[in-house]
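Below are the chains, spelled out letter by letter.
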Amino acid sequence: MVGKLQTNKVKYAIKLFDYIHSVDNLKLAKKISDEQKKYNKQPKIFIQINIGKEKQKSGIFSSDLENFYL
């Protein structure tokens, strides 16, 4: 799946897709983690990084990436 994934659609995405692009916030990542456990599936996940540190853009700041990933 490419594009913005809403947290209320995660349960459907986990069942359907092998790859999820654009995980851009902790709330979404936690929801994906919860649903993975329910369905015993582990799609490949791409984290969106906001390298410009622009507040109006989505994504994880590169300085926060290690904490986000762990």
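We now examine the confidence of the model for the protein chain. When pLDDT is averaged along the protein chain, the result is 91; 97% of the residues meet or exceed 70. For the protein chain, per-element mean pLDDT is lowest for helix α3 (residues 65-69), which scores 88, and highest for helix α2 (residues 26-39), which scores 95.

Our next topic: the layout of surface pockets. Estimates place the volume of the largest pocket at around 320 Å³. Elements supplying a minimum of two residues to the lining of the largest pocket: α2, β2 (44-47) and α3. In terms of residues, the lining of the largest pocket owes the most to one element, α2, which gives 6 residues. Class assignment for the residues of the lining of the largest pocket results in 10 nonpolar, 2 polar and 1 charged.

Here strand β1 (residues 19-23) runs beside β2; their pairing, made up of 3 bridges, is parallel. Looking at β2, one finds that Val23 is bridged to Ile47. In this region the chain leaves β1, passes through α2 and returns to the parallel neighbour β2; the handedness of that crossover is right-handed.

Glancing now at the nonpolar core. Judged by nonpolar contacts, Leu5, Val10, Ala13, Ile14, Ile20, Val23, Leu28, Ile32, Ile60 and Phe68 together constitute the single largest core of 10 residues. Contributions of two or more residues to this core are made by α1 (10-16), β1 and α2. Contacts of Leu28, omitting those with residues within four sequence positions, involve Leu5, Gln6, Thr7, Val10, Ser22 and Val23.

For the rest of this paragraph, the subject is the pattern of salt bridges. Applying the stated criterion to the full structure yields 3 salt bridges. Asp24 is paired through a salt bridge with Lys4; the nearest N and O atoms lie 3.0 Å apart. Taken together, the positions of Asp24 in the loop between β1 and α2 and Lys4 in the segment before α1 put the pair 20 residues apart, joining distant regions of the chain. Residue Lys38 is joined to Glu35 by a salt bridge in which the shortest nitrogen-to-oxygen separation is 3.2 Å. Here Lys38 and its partner Glu35 are both found in helix α2, 3 residues apart, which amounts to about one turn of the helix. Accessibility expressed as a relative area gives 60% for Lys38, which makes it exposed. What you see here is one network of salt bridges that share partners, running through Lys31, Glu35 and Lys38.

So, how was this worked out
- Residues numbered from 1 in each chain as written.
- Predicted model: local features only at pLDDT ≥ 70, side-chain atom pairs only at ≥ 80, totals over all residues.
- Heavy atoms only, no water.
- pLDDT = per-residue confidence, 0-100.
- Helix = DSSP H or I, 4+ residues; strand = E, 2+ residues; numbered from the N terminus.
- 1 Å grid on protein atoms, 1.4 Å probe; cavity = no way out; pocket = protein on both sides within 12 Å on 5 of 7 lines; lining within 4 Å.
- Points joined across faces, edges and corners; volume = space filled by probe spheres on them.
- Nonpolar A, V, L, I, M, F, W, Y, C, P; charged D, E, K, R; others polar.
- Pairing = 2+ DSSP bridges.
- Right-handed = clockwise from strand over helix to strand, strands pointing away.
- Core = buried A, V, L, I, M, F, W, Y, C linked by side-chain atoms within 4.5 Å.
- Buried < 20%, exposed > 50% of the residue type's maximum accessible area, 1.4 Å probe, protein only.
- Contact = heavy atoms within 4.5 Å.
- Salt bridge = Lys/Arg side-chain N within 4 Å of Asp/Glu carboxyl O.

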